[in-house]
Amino acid sequence: MDHVSGAVNASRSATLFRIRSLRVRVIVLSCLGTAAALFALVNLLALATPPVPTAPLRLSRLIIHDVAIVNPDSGGRTTTGQTVVIEHDRIVYAGPADATAVSLPGRRIDGRGKFLIPGLWDAHVHTLRLAPQLQLPLLIANGVTSVRDLGDTCSWSTSLSCVSPAGAWQRAIGNGTMVGPRLQEVVTYHLEEPPADGAELCTLLQALATRGERMIKLQLDPTIEARDATELLRVADSMGLRVGGHLPFTVDLASSPVAFVSVEHDWTLLPQCSRARASFDDRTASKPALLRVFDGAHCDSLLATMRARGTAYVPTHVASTGQDALFASGPPASMNSSRFIPAPQRMAWQIIRAAGTVPELEARDLIAYHAAALQLTKRAHDAGVVVLAGSDAIDPEVVHGFALHEELEYLVRAGLTPAQVLAAATTVPARFMQVDSVVGYIAAGQRADLVLLDADPLVDIRNSRRIHTVVFDGRVFGPAERTALFTFVEAQAHRLTIASRFLRCLWYGG
Ligand SMILES: [Zn+2]
């Protein structure tokens, strides 16, 4: 009996084992099947071309009357009782009300109690392939009519053969089949790793120069060997390529033989003002030591060099030390603007936010570091360095359009006057980019890029958000059109197609 019962038990456990392993196999296979089906579904959904909003038609004439024109230059001046006449895409008159201008036929906007500023610039944004559906309309709705695009999805070092969509966007924006700002500079190459040797570096830079790159953005490990970084700058310069971006800690900008076009982000400039620069590793624990040996005299000489060479400084506080300090002070309340962000991107931000809890001691260091960064921005501005307002939108929690207004507040906190800050987002970038004969001012002959505000931004820079109407290239985005843009982007952000395209971007880097 024992023998028989043993055999039965053995056969039962063998059967159970088979069932269990079969069950495991079924579970594994169904998980793999579900993942494959999801992957296929996402790819399939991503094939659909999402719609883009089109711009309102240009008017043959638009008259904004009885408005206060805000000129941010020379300390800032607001002149009331002004009239601005726009024909098609140009300003044809801007000045005191005169009988002829006021009596012209055309659409009219009553500017009483309102303030007119030049269209805003964001000097540091990034775009995704989804920009026409999400980011570009948000910029226009927020009054941002010109941007420097410091890198789109094509810009990574691994994608030399990738063709940037920016050219097609610019054409579509120009003819009104898409809503977006002027892409005044598009940087389509990020250098993330120095080539292995001099020959490889020359080949790469030659290829970039041949395809017509104007500027290469450095995004190297900031602790790169000084020799490698200097060689890179030298060769790029010899080929007529301009270099800007993240300034490595190993390079002393004050004595660099080659000028930078622009230094991006406060965290790359601040170490330059410390005697501990060369050995700085960017860890939070190293920041107090860096600040303890702050070298004011060297800092002033560095800033004088930047001014003399025309190197611009784009601190992007909102995405850099400002964001570190904000997170260090406790997780920010959820952003109103996050409803314009696709779900997978929002989730990625939430994960980063959850991982970024900062111990109290480190929090104090990050807050002190940000305070030093703000002081440096003021010091740079006082030294005559070109300071540009830029947001680094696409970084976590940095939303296109909205973030520029946040950066304006950071610049006021740094100690710049509202007029100086407004200039850093209008006239100064227009002059820096050498397009001030076209945009940046409210004057006859300029393209019609204007923002009509319900309150004076020179009294409180936060009034830059109180937008009534945006005029871009003569196209009028009044309250109804702006609401339509926000509604459109919010709807897009909740579409499966958009989420799928976003995931596809992450998978394929495109
Ligand atoms: Zn950036």
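Look up: the structure comes first, before these words.
Residues numbered from 1 in each chain as written. Predicted model: local features only at pLDDT ≥ 70, side-chain atom pairs only at ≥ 80, totals over all residues.

K.L.:
Report on helix H10 (residues 321-328), specifying residues and quantitative values.
P.N.:
Among the 8 residues of H10, 6 are classified as buried, and the element is accordingly described as predominantly covered. Those residues of H10 lying buried are Thr321, Gly322, Gln323, Asp324, Ala325 and Ala328. Along its buried surface, H10 packs onto helix H7 (266-269), helix H12 (360-382) and helix H13 (402-414). Gly330 sits one or two residues past H10 and shows a positive phi near 120 degrees. (Buried ≥ 20, exposed ≤ 12 C-beta atoms within 10 Å, placed from the backbone. Helix = DSSP H or I, 4+ residues; strand = E, 2+ residues; numbered from the N terminus. Contact = placed C-beta atoms within 7 Å.)

K.L.:
Can you lay out the packing of helix H5 (residues 198-210) against helix H6 (residues 226-238) for me, pointing to particular residues and giving the numbers?
P.N.:
Packed helices, taken two at a time, are described by the angle their axes make and the gap between the axes. With their axes 10 Å apart at the nearest point, H5 and H6 run at an angle of 40 degrees to one another. It follows from the interaxial angle that H5 and H6 lie oblique. The two elements H5 and H6 meet at a crossing, and its hand is right-handed. Contact residues: Gly198, Leu201, Cys202 and Leu205 in H5; Glu231, Leu232, Val235 and Ala236 in H6. (Axes fitted to C-alpha atoms, helices over the stretch in contact; angles between N-to-C directions. Parallel < 35°, antiparallel > 145°, perpendicular 65-115°, else oblique. Left-handed = near helix turned anticlockwise from the far one by under 90°.)

K.L.:
Run through unusual backbone geometry, naming residues and quoting values.
P.N.:
In terms of backbone geometry, most residues other than glycine have negative phi values and most peptide bonds are trans. Here the phi dihedral of Asp282 falls at roughly 70 degrees; this positive angle occurs in a residue that is not glycine. Mapped onto the elements of the fold, Asp282 is located in the loop between H7 and helix H8 (287-292). Residue Asp392 is not a glycine yet carries a positive backbone phi of 65 degrees. With respect to the element layout, Asp392 can be found in the loop between H12 and H13. Owing to 24 C-beta atoms within 10 Å, Asp392 belongs among the buried residues under this scheme.

K.L.:
Help me get a handle on the packing of H10 against H12, residues and values and all.
P.N.:
In the contact formed by H10 and H12, the axes pass within 8 Å of each other and the chain directions differ by 150 degrees. In terms of crossing hand, the pair formed by H10 and H12 is left-handed. Contacts between H10 and H12 involve Thr321, Gly322, Asp324, Ala325 and Ala328 on the former and, on the latter, Glu362, Ala363, Leu366, Ile367, Tyr369, His370 and Ala373. Classifying every residue of the contact of H10 with H12 gives 7 nonpolar, 3 polar and 2 charged. (Nonpolar A, V, L, I, M, F, W, Y, C, P; charged D, E, K, R; others polar.)

K.L.:
Residues and numbers for the nonpolar core, please.
P.N.:
Leu116, Ile140, Tyr313, Leu388 and Ala389 are the most contacted members of the largest nonpolar core, which totals 131 residues. If one sorts the elements of this core by residue count, H13 sits on top with 7 residues. Apart from residues no more than four positions distant in its own chain, Leu388 is found in contact with Ala123, Ala312, Val314, Ala424, Val428, Pro429 and Phe432. (Core = buried A, V, L, I, M, F, W, Y, C linked by C-beta atoms within 7 Å.)

K.L.:
Let's hear about the environment of Ser146: which residues, and what values?
P.N.:
Structurally, Ser146 can be placed in strand S7 (residues 144-149). With 28 C-beta atoms counted inside 10 Å, the residue Ser146 sits in the buried group. The sequence separation of Ser146 and Gln184 amounts to 38 residues, and the corresponding C-alpha distance is 6.3 Å. Residue contacts for Ser146: discarding those within four places in its chain leaves Gly119, Trp121, Pro181, Arg182, Gln184 and Val439.

K.L.:
Kindly report on the pairing of strand S8 (residues 182-186), identifying the contributing residues and their values.
P.N.:
Along S8, 5 of the 5 residues are buried, which leaves the element largely enclosed by surrounding structure. As paired strands, S7 and S8 are joined by 4 bridges and run parallel to one another. Paired with Asp149 across the two strands is Val186, which belongs to S8. (Pairing = 2+ DSSP bridges.)

K.L.:
Lay out the environment of Leu503 in plain terms, naming residues and giving numbers.
P.N.:
Tracing the sequence through the fold places Leu503 in helix H17 (residues 496-508). Taking the C-alpha atoms as reference points, Leu503 and Pro342, separated by 161 residues in sequence, lie 9.9 Å from one another.

K.L.:
If you had to explain the pairing of strand S11 (residues 242-245) to someone new, which residues and values would you point to?
P.N.:
With 4 bridges joining them, strand S10 (residues 215-218) and S11 adopt parallel strand pairing. Each bridged residue has a counterpart across the sheet, and for Leu218 the counterpart in S11 is Gly245. With respect to chirality, the unit in which S10 leads through H6 into the neighbouring parallel S11 is right-handed. (Right-handed = clockwise from strand over helix to strand, strands pointing away.)

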